[in-house]
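# Architecture at a glance
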Amino acid sequence: MKKTSAMIKSYGAIPLGELLSLGEIKSDIGDGVHAKGPDAKVLEDGTIQDAFTKEEIAEHIREYIDACKWFRDSGWEGIMIHCGHGWLPAQFLSPKYNHRQDEYGGSFENRARFTTELLKAVREAMGDDFLIEIRVSGSEHLKGGLEIEDAVKFCKLCEPYIDLIHVSCGHYLSSSRSWEFTTAYAPHGANIENASIIKKNVSVPVAVIGGINSPEQAEEAIAAGKVDMISMGRQFFCDPAFPNKAMEGRADEIRRCLRCGRCYPGPSGEHETEKWTIKYPPLDSCSINPDTVWPASHHKIMPEDMPPVTKARKVLIIGGGCGGMQAAITATKRGHDVILCEKSQKLGGLINFTDHTDHKIDIRNFKEVMIKETNKSGADIRLNCEVTPGMIKEINPDAVIIAAGSDDLILPIKGIENAYTAMDVYMNDFKQLGKSVIVLGGGLVGCEAAADYVDKGIKTTIVEMQECLMPETTGLYRTEVHDFLDEKGCNYEVNARALEVGKNYVIATQGDKQIRLEADCVVNAMGRRAHPIDKLKEACDCKVFIVGDCMRARQIGDSVREAWTAAMEIV
């Protein structure tokens, strides 16, 4: 921790630590230690919670002070005490959690007493030159939860002891639904207005966080006097140079957070409903910044382990999607001579569909940044150029990176030719669709397409042969998309296998029965399959790397990381 604080200070920045106390959210891990919160109770999952005694409250406050001293002795300039997201201070404050009859329960001031006593004690112990920040939820966005009026009253009570108020929202136990972490289906800057209300009622500076990934929105909020500072988390994984690029007038070069949840898939990585529990594989990095990895869990080659380039190599990259572009950017940066061939008339590949949906504005921004970076990289970019085995032999490269992408998955279903493909619908700006549509496939492709359709007022039914929707994506994102579909009135039939497709109907088996669904049209959104590349591989008399969808259909983060790794391995 001393090394970390020294590193932060070496850049002229101020290191602040963060302290939070779980309260009843502490998991029962079999250690015999019960969760502890305002009340004694048994939680829904069977976890036993004990109530804090007055003596234990005083002891806990001393533990906070000990932690602050430990941070100070390690070179840190202050602390952020987390009072939002359903952690212990918020549990004491909330009448939903706190039913105490003593001076720590009942009235608003009593429910805030735990936090005000904590902050007062920390201030007295640490002195005026130790920065104290608190993080609050402007709204928990939960039925019966704390709202902006509560946040304002709470901040005013805390104000005498603090230097900064950091406004977030939501609750840990409902991360995406409460916007603790926003996704692509939540607004950017979700907390700015609540932060503005708090700022009008206090005299200390106010910072805000929540889906802010553009310097334009950040600048607008500060210039309008709504907040004093902008906080960012995931955006700095995507592009640590964000503030420098903004300051230097290079905002169009910022890789803006997709809010996809790859870096943080959710509290448990699980999504539960009455019918199923889906567990997701651990994810460990940013989708669009391949330099960002978590060393504790990441076992691939790290940048410092890469062998140096011995000489410039001729590198042929086949495909100009996100994988091909990242490969070109990285390979040229390392000093290689790169030829990038794209069979269509523009770079972007599959993610060019984002030009036709506002739900994907963040991916669209990423695509435009990648195109700009690729064009500036110095690579020999050849559009309308479909690579053939003969062309590979003629170029005679030292290494080939194949990023040829994927094709629509067309299953052998009777009449499947009657269905439009999801990508064709996007590229034609939804002109094929009538007032109602059946979407074949409830994976990521199908559900995101359905979200666009219902948002346009089109009655939509998803047909999925598995027992749930989008099992391949993260808990945070899946929950948000699912809720969006429910809110817009999307229908779905799970455990339903399509038998026959007509221009305006689908016949499917569902368990031991057969169902017939009718609509104005049918869209095939059953996913993607790898583009065939065997002949291209056979023509290569050199090292070959296969990245992205042409290995198997996956997601942006996979393509970007594999392309980066391939380019780094060429020496």
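Residues numbered from 1 in each chain as written. Predicted model: local features only at pLDDT ≥ 70, side-chain atom pairs only at ≥ 80, totals over all residues. Heavy atoms only, no water.

## Here we look at the sheet that holds strand β22 (residues 505–510)
What counts, and what does not: Criterion used throughout: strands pair if DSSP finds at least two bridges between them. Helix and strand assignments come from DSSP, with helices taken as H or I runs of at least 4 residues and strands as E runs of at least 2, each series counted from the N terminus. Where helices are involved, their axes are fitted lines through C-alpha atoms of the stretch in contact, as for all axes, and angles between N-to-C directions lie from 0 to 180°.
Strand order in this open sheet of 3 strands is β21-β22-β23, and the pairing throughout is antiparallel. Strands at the two margins of the open sheet, each flanked by one partner only, are β21 (496–501) and β23 (513–518). Pairwise comparison of adjacent strand axes, ignoring direction, gives a mean angle of 30° for this sheet. Examined bridge by bridge, β22 and β23 share 6 bridges and lie antiparallel to one another. Within β23, the residue paired with I507 across the bridge is R516.

## Here we look at the pattern of salt bridges
Under the convention used in this document: Here, a salt bridge means any Lys or Arg side-chain nitrogen found within 4 Å of an Asp or Glu carboxyl oxygen. Between buried and exposed lies partly exposed: a residue is buried under 20% and exposed over 50% of the maximum accessible area for its type, with that area taken using a 1.4 Å probe on protein chains only.
Going through the model one piece at a time under the given rule, you end up with 30 salt bridges. A salt bridge links R262 to D558, with the nearest nitrogen and oxygen atoms 3.2 Å apart. Highlighted residues: R262 in the loop between α10 (242–247) and β10 (270–272) and D558 in helix α18 (residues 556–569), separated in sequence by 296 residues. Judged by relative accessible area, which is 12%, R262 ranks as buried. Two residues, R528 and D408, come together in a salt bridge whose shortest N-O distance is 2.8 Å. Of this pair, R528 sits in strand β25 (residues 528–530) while D408 sits in strand β16 (residues 406–408), placing them 120 residues apart in sequence.

## What about the packing of aromatic side chains?
Which entries qualify depends on this criterion: The aromatic pairing rule takes the rings of Phe, Tyr and Trp, using the six-membered ring of Trp, and pairs them if the centres are within 6.5 Å, calling planes under 30 degrees apart stacked, those over 60 edge-to-face and the rest tilted. Counting as a charge over the ring demands two things of the Lys NZ or Arg CZ atom: a distance within 6 Å of the ring centre and an angle within 35 degrees of the ring normal.
If you walk through the whole model with that rule in mind, you get 12 aromatic pairs. With a centroid separation of 5.5 Å and 70° between ring planes, the pair formed by Y426 and F430 is classed as edge-to-face. A single burial state applies to Y426 and to F430, both of which are buried. One aromatic cluster is present, built from ring pairs that chain together F52, F92, Y104 and F114. The lysine or arginine in question, R516, covers the ring of Y505, its NZ or CZ lying 4.3 Å from the ring centre. Over the aromatic face of F545 sits the side chain of K543, whose NZ or CZ is 5.4 Å from the ring centroid.

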